[in-house]
Amino acid sequence: MNGVLIPHTPIAVDFWSLRRAGSARLFFLSHMHSDHTVGLTSTWARPLYCSPITAYLLHRHLQVSKHWIRALEVGESHVLPLDEIGRETMTVTLIDANHCPGSVMFLFEGYFGTILYTGDFRYTPSMLKEPALRLGKQIHTLYLDNTNCNPALVLPSQQEAARQIVKLIRKHPQHNIKIGLYSLGKESLLEHLALEFQTWVVLSPRRLELVQLLGLADVFTVEEKAGRIHAVDHMEICHSAMLHWNQTHPTIAILPTSRKIRSSHPDIHIIPYSDHSSYSELRAFVAALKPCQVVPIVSRQPYKGYFQDTLSPRLSVPLIPDSVQQYMSSSSRKPSFLWLLLEKRLKRPRTQGVVFESLEENADQSQTDRDSKKAKKENLSGDLEKQPSLHPLQIKKQLFPDLCSKARGGAVSLSESQKMVTVPTAPLGFSVHLRSTDEEFLSPETGEEIVVGPHLVPRGDKDGSAATGKQSAWMGQDSPLSNSSQAAPLLAPEFRGLALKYLLTPMNLFQARFSSRGFDQQVEKYHKPLLKDREESTE
């Protein structure tokens, strides 16, 4: 098990043995590889923090209840309570680990100083440009992925290793290619090979579901005979399997890994394509951060203090605040109602109000996205038949509606930082769902989504036909809200909430980028006379 209990804190990362967890109360999952989920089962009943993709995989494959899964956005900072009275908190920031889908590093900041837990990661210089790391913060403790921490092990970059694989496949133009992989990871390598050789990549149904979630190019299928590149479980590649495959068609196998593996057949090729940082990359990473101490994550891998020359002076052991000590020593490891309430209140602050973005900008961006995806797909040969399947964006919307607030075509996307809602421009006959993007996994009461769906009255003739798809049909100078006699019926008592008023206020009433307080005031100012007229008309 590659997990840690961080001393002098209630934090556990990739550690799921409650019997040995001691005073740990906050549990974090870096990614879904099996050596980081030992002990994590469907019976888990404590808050668990991870990235949105890991949250989906965790619920889908390990059946952990959504009630306990807290999906935290990558690249953002989140405040969590460290006691049950709200006195001590910490900030955790998730950083992409470049290891497998959903993998993240955790940056913890609190009374204990600053702790960076890399989990499994492949270093790239762009990581140092992350806002959370480029501010010159002093990292007090660095928990480091030391899988390849060996000066004698020289690894190529992922780009160079990919070129080696391409060169090998070109030497076998008539062969089928078996790529041996773990259940998660290296999907981008498969996409690269499909585009390079203009062929479908055959996957298992489970892996196909994952790549559709990731929104990769449409080059994957489950049809066995559709393409010459097949992704298989790495355990399938053995001497007997090679004999069997070559009886029906010439076949070679590739194991993209930095592990020391003995080839059991002359047609099994091991290429050092690794999702873990090389020794030279680890040196560069530690030298840039200059932490006070480095703690290896992989206990079975020898660690000889290779980075002593790049460390900053050690600091004294932090004092644990009394309220945190009490929380860590509480008899029950299950969170109390008060703690869950504090957790909910300490979510990242949300700005009230709405910032409307330009329709023209959204339209241009949507067209650019479509053109980019179209160009990517046209790299495939013209005679490559398309497998009928859901579009990756459709899959992503079904699985993670929170991550798809920027809809394609005919939608005005509200500011992402405000966690609001995507407003359809037309027709008005549709119901509008007002939902917090945090609620799919975060609702501590029910674990279900919180959805409100008021139906808006469509503009049109008396029989209720819907308006056209133009924004001016319901917002702007010719809006039906421009006079009180038409607007009043829309403001029945059950529809007087400020959220719906946002949608019913003409766009031309506001200046661009209104502050949240000013926006709310303008909305109320606009609707106050309408409500007054309605009340007078009923007297």
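The numbering scheme is per chain: residues are counted from 1 as the chain's sequence reads. Residue-level local features of this predicted model are given only where pLDDT is at least 70; pairs of side-chain atoms are given and counted only at 80 or more, and the full residue set underlies all totals for whole chains, interfaces and linings. Each side-chain value is worked out from all heavy atoms of the structure, with water and hydrogens disregarded.

- Under an unreviewed UniProt entry, the name given to the protein is 5' exonuclease Apollo, and the organism recorded is Ceratotherium simum simum.
- UniProt positions are given in the numbering used here, feature names are shortened, and annotations may be inferred rather than shown by experiment. In its Sequence similarities (unreviewed entry) section, UniProt records this for the protein: "Belongs to the DNA repair metallo-beta-lactamase (DRMBL) family."

1. Here's the deal with the overall build of the protein
Thinking step 1. Counting from the N terminus, the helices are DSSP H or I runs at least four residues long and the strands are E runs at least two residues long. Helices and strands together make up the secondary structure of the protein, namely 16 helices and 19 strands.
Thinking step 2. Only protein chains enter the calculation, and the probe is 1.4 Å; a residue is then buried if its accessible area is under 20% of its type maximum, exposed if over 50%, and partly exposed in between. Taking all 539 residues of the protein together, 49% fall into the buried category.
Thinking step 3. If you take every contact in the protein between residues at least 6 apart in sequence, the share linking residues at least 24 apart comes to 63%.
Thinking step 4. A total of about 26300 Å² of accessible surface is found on the protein, and carbon and sulfur atoms cover 52% of it. Contacts are assigned to residue pairs that have any heavy atoms within 4.5 Å of one another. Note on areas: these come from Shrake-Rupley sampling with a 1.4 Å probe, and a residue is covered only by the protein chains present in the view.

2. Let's talk about the sheet that holds strand β11 (residues 176-181)
Thinking step 1. Strands pair, by our definition, only if DSSP identifies at least two bridges between them. What the six strands build is an open sheet, ordered β13-β12-β14-β11-β15-β16; its pairing is parallel. Each end of this open sheet is capped by a strand with a single partner; those strands are β13 (220-221) and β16 (268-271).
Thinking step 2. Both strand β15 (residues 251-256) and β16 contribute to a ladder of four bridges, which runs parallel. What sits directly across from alanine 253, in β16, is isoleucine 268.
Thinking step 3. Helix axes are fitted to C-alpha atoms over the stretch in contact, other axes to C-alpha atoms as well, and angles between N-to-C directions run from 0 to 180 degrees. Here helix α7 (residues 239-248) sits on the sheet and contacts β11, β15 and β16; the angle it forms with β15, its principal contact strand, is near 140°.

3. As for the nonpolar core
Thinking step 1. One finds Ile165, Ile179, Leu190, Leu193, Leu203, Phe220 and Ile254 to be the most contacted residues of the largest nonpolar core, which totals 29 residues.
Thinking step 2. Where this core is concerned, the elements lending two or more residues are α4 (158-170), β11, α5 (187-197), α6 (205-214), β14 (229-233) and β15.
Thinking step 3. Counting residues in hydrophobic clusters, the runner-up holds 25 residues, among them Phe28, Val104, Tyr143 and Val324. The set of buried Ala, Val, Leu, Ile, Met, Phe, Trp, Tyr and Cys residues whose side-chain atoms join them within 4.5 Å is what this entry labels a nonpolar core.

4. Looking at the pairing of β11
Thinking step 1. A large share of β11 lies buried, amounting to six of its six residues.
Thinking step 2. Here β11 runs beside β15; their pairing, made up of four bridges, is parallel. Bridging from a neighbouring strand, lysine 178 pairs with alanine 253 of β15.
Thinking step 3. The sheet contact formed by β11 and β14 spans five bridges and is parallel.

5. Examining the confidence of the model for the protein
Thinking step 1. For the protein, per-residue confidence averages 74 on the pLDDT scale, and 65% of positions sit at 70 or higher.
Thinking step 2. Per residue, pLDDT captures the predictor's confidence, and it can take any value from 0 to 100. Within the model, pLDDT remains below 50 along residues 379-439, and this stretch shows 161 contacts once partners closer than five positions in the same chain are excluded.

6. With respect to the packing of α4 against α5
Two packed helices can be described by the angle between their axes and the distance between those axes.
Thinking step 1. The contact between α4 and α5 brings their axes to 11 Å, and the two run at 40°. If you check the angle between α4 and α5, you find them oblique. Crossing of α4 over α5 shows right-handed handedness. Two secondary-structure elements touch here, α4 through Ala162, Ile165, Val166, Ile169 and Arg170 and α5 through Leu189, His192, Leu193, Glu196 and Phe197.
Thinking step 2. Each residue gets one label: Ala, Val, Leu, Ile, Met, Phe, Trp, Tyr, Cys and Pro are nonpolar, Asp, Glu, Lys and Arg are charged, and the others, such as Gly, are polar. When the residues that make up the contact of α4 with α5 are grouped by side-chain class, the tally is seven nonpolar, one polar and two charged. Between 65 and 115 degrees an angle is taken as roughly perpendicular, under 35 as roughly parallel, over 145 as roughly antiparallel, and anywhere else as oblique. Put simply, a crossing is left-handed when the front helix is turned counterclockwise from the back one by less than a right angle, and right-handed when it is turned clockwise.

7. Structural notes on the environment of isoleucine 179
Thinking step 1. Along the chain, the position of isoleucine 179 falls in strand β11.
Thinking step 2. Judged by relative accessible area, which is 1%, isoleucine 179 ranks as buried.
Thinking step 3. Between the C-alpha atom of isoleucine 179 and that of isoleucine 252, which follows or precedes it by 73 residues, the distance is 8.9 Å.

8. Focus on the pairing of β14
Thinking step 1. For β14, a buried count of four out of five residues is recorded, marking the element as mostly surrounded by other parts of the structure.
Thinking step 2. Alignment of strand β12 (residues 201-202) against β14, held across two bridges, turns out to be parallel. Note on β14: the bridge partner recorded for valine 202 is histidine 230.

9. Points about unusual backbone geometry
For residues besides glycine, phi is generally negative; the peptide bonds are generally trans as well.
Thinking step 1. The phi torsion at asparagine 98 lies on the positive side, around 55°, for a residue other than glycine.
Thinking step 2. Structurally, asparagine 98 can be placed in the loop between β7 (89-96) and β8 (104-110).
Thinking step 3. Even without being a glycine, lysine 186 presents a positive backbone phi close to 70°.
Thinking step 4. Mapping lysine 186 onto the fold places it in the loop between β11 and α5.

10. Side note on the packing of aromatic side chains
Thinking step 1. Pairing of aromatic side chains here covers Phe, Tyr and the six-membered ring of Trp, requires ring centres within 6.5 Å, and sorts the geometry by plane angle: under 30 degrees stacked, over 60 edge-to-face, intermediate tilted. The final tally for this structure, using the stated rule, is twelve aromatic pairs.
Thinking step 2. With a centroid separation of 5.2 Å and an interplanar angle of 70°, the aromatic rings of tyrosine 111 and phenylalanine 112 are classed as edge-to-face.
Thinking step 3. Judged by relative accessible area, which is 18%, tyrosine 111 ranks as buried.
Thinking step 4. By relative accessible area, phenylalanine 112 is classed as buried at 8%.
Thinking step 5. On the basis of an interplanar angle of 55° and a centroid distance of 5.4 Å, the ring pair of tyrosine 123 and phenylalanine 285 is categorised as tilted.

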